Each structure stands twice: as C-alpha cells, then as structure tokens.
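# Fold and geometry: a report
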Amino acid sequence: MTQKQTLLEIIYKALDDKRAEDIVVLNMENISLLADYFLICNGNSDRQAQAIAREVQEKAQENGFEVKRIEGFDSARWILVDLGDIVVHIFHKDERAFYNLERLWGDAPQLDIPTAE
C-alpha cells in the first residue's frame, strides 16, 4: 500500500469516527494540479466541523504525516485541511450544497474507501 493510500484510509476513518456525513472521495489525479485526492464531507454544526478537522489533523500527525495548513477553522463554514497530495474539505451542512464541489469536479472519479472495522 502506498503512503497516499495509507493516508487516505487514516483520514477516511477519522472522518467516520467523528460522524462526518456524506463522505465523498474524488480522485483528482490528471484533473487538478492542486492535489491527487479531495475528501469532501460535512458536519451538522460549527462545533462538529471543527471536531472533524481536529481529528483529521491529530490522526495524520500521529501517523507521521504533515498537515501543511488548515484554513477556515474559526468560521467553521468550510474548513480546508491541506495534507499535500490530499486535501480535505469539511463543510457546515448549510454550505455544502451551495459550493457543490462534487458537481464542480464532476469529471473526477469517486473512490470507495473500505473501512477496516
């Protein structure tokens, strides 16, 4: 398993552990220069969105991955966690439909990440 695949699974589990809703993984390779993968999800409140972002940061760092930056944490409407090749978009549920990143990047294939239980 590659480093990217390992990190994808760590992040997906962190999102799932904090009960992030409607988790979507987009393969952005050959589509965007920004990142190889986007993970998109939402929380039901500002506090939940922040808790999700904190969990992603903690789990990535615990496993030796660098979090390059986090944007939007204080307002918690759209939190972006930049892990280099992987970018996590955590929306407040009210904002997610408005930005609709899945439609914007509609040509990106969606991946299924199996969760190890």
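Quick note: structure is the one above.
Residues numbered from 1 in each chain as written. Predicted model: local features only at pLDDT ≥ 70, side-chain atom pairs only at ≥ 80, totals over all residues. Heavy atoms only, no water.

## Quick look at the overall build of the protein
Definition in use: Secondary structure elements follow DSSP: runs of H or I of four or more residues count as helices, runs of E of two or more count as strands, with numbering from the N terminus. Radius of gyration here uses only the C-alpha atoms, and the compact-globule reference equals 2.2 Å multiplied by the residue count raised to the power 0.38. For each residue, the accessible area found with a 1.4 Å probe, counting protein chains only, is set against the maximum for its type, and the residue is called buried under 20%, exposed over 50%, and partly exposed in between. Contact definition: two residues touch when any of their heavy atoms are within 4.5 Å. For the area figures, the Shrake-Rupley method with a 1.4 Å probe applies, and any residue is considered shielded solely by the protein chains shown. As used throughout, the charge tally considers Lys and Arg to be positive and Asp and Glu to be negative, leaving His and the chain termini uncounted. Note that the charge is assigned to NZ on lysines, CZ on arginines, CG on aspartates and CD on glutamates.
A count of helical and extended segments in the protein gives four helices and six strands. The linear arrangement of helices and strands in the protein, starting from the amino end, is α-β-β-α-β-β-β-α-α-β. By the compact-globule yardstick of 13 Å for 117 residues, the protein fits well, its C-alpha radius of gyration being 13 Å. Reported as C-alpha extents along the three principal axes, the dimensions of the protein are approximately 35 × 35 × 30 Å. Looking at the protein residue by residue over its 117 residues, the buried ones come to 46%. Pairs at least 24 apart in sequence give 58% of the contacts found in the protein among residues at least 6 apart. Of the roughly 6700 Å² of accessible surface on the protein, 44% is carried by carbon and sulfur atoms. Across the protein, the 13 positively charged side chains and the 22 negatively charged ones have centroids separated by 5 Å.

## Focus: the pattern of salt bridges
Our working definition: Should a side-chain nitrogen of Lys or Arg be within 4 Å of a carboxyl oxygen of Asp or Glu, the pair is scored as a salt bridge.
Across all of its chains, the model carries 12 salt bridges by this definition. Across the salt bridge formed by Arg77 and Glu95, the nearest N and O atoms sit 3.2 Å from each other. Residue Arg77 is located in the loop between β3 (69–71) and β4 (78–82), and its partner Glu95 is located in helix α3 (residues 93–99); the two are separated by 18 residues in the primary sequence. Overall, the relative accessible area of 28% leaves Arg77 in the partly exposed class. Judged by relative accessible area, which is 18%, Glu95 ranks as buried. When salt bridges that share partners are traced, they join Asp46, Arg77, Asp94 and Glu95 into one network.

## Focus on the packing of aromatic side chains
Our working definition: Geometry of aromatic contacts follows a simple scheme: Phe, Tyr and Trp rings, the Trp one being its six-membered ring, pair when their centres are within 6.5 Å, and the pair is stacked under 30 degrees between planes, edge-to-face over 60, tilted otherwise.
Across all of its chains, the model carries five aromatic pairs by this definition. Summarising the aromatic geometry, the rings of Phe38 and Trp105 are spaced 5.9 Å apart at their centres and angled 85 degrees between planes, so their arrangement reads as edge-to-face. Note that Phe38 is positioned in strand β2 (residues 37–43) and Trp105 in the loop between α4 (101–104) and β6 (110–111), a separation of 67 residues in sequence. A residue is classified by how much of its surface remains accessible, and Phe38, at 3% relative accessible area, is buried. Relative to Tyr99, the ring of Trp78 has its centre 4.6 Å away and its plane inclined at 50 degrees; by these criteria the two rings are tilted. Taken together, the residues Trp78 in strand β4 and Tyr99 in helix α3 connect sequence positions 21 residues apart.

## Comments concerning the nonpolar core
For clarity, the threshold we go by: We call a set of buried Ala, Val, Leu, Ile, Met, Phe, Trp, Tyr and Cys residues a nonpolar core when their side-chain atoms join them within 4.5 Å.
In this structure, Ile11, Leu15, Leu39, Val81, Leu83, Val88 and Ile90 are the most contacted members of the largest nonpolar core, which totals 28 residues. Contributions of two or more residues to this core are made by α1 (3–17), β1 (21–27), β2, α2 (46–62), β4 and β5 (86–92). In terms of residue count, the dominant contributor to this core is α1 (seven residues). Formed by 11 residues, the second largest nonpolar core is a distinct cluster that contains Ala35, Leu80, Phe91 and Leu101.

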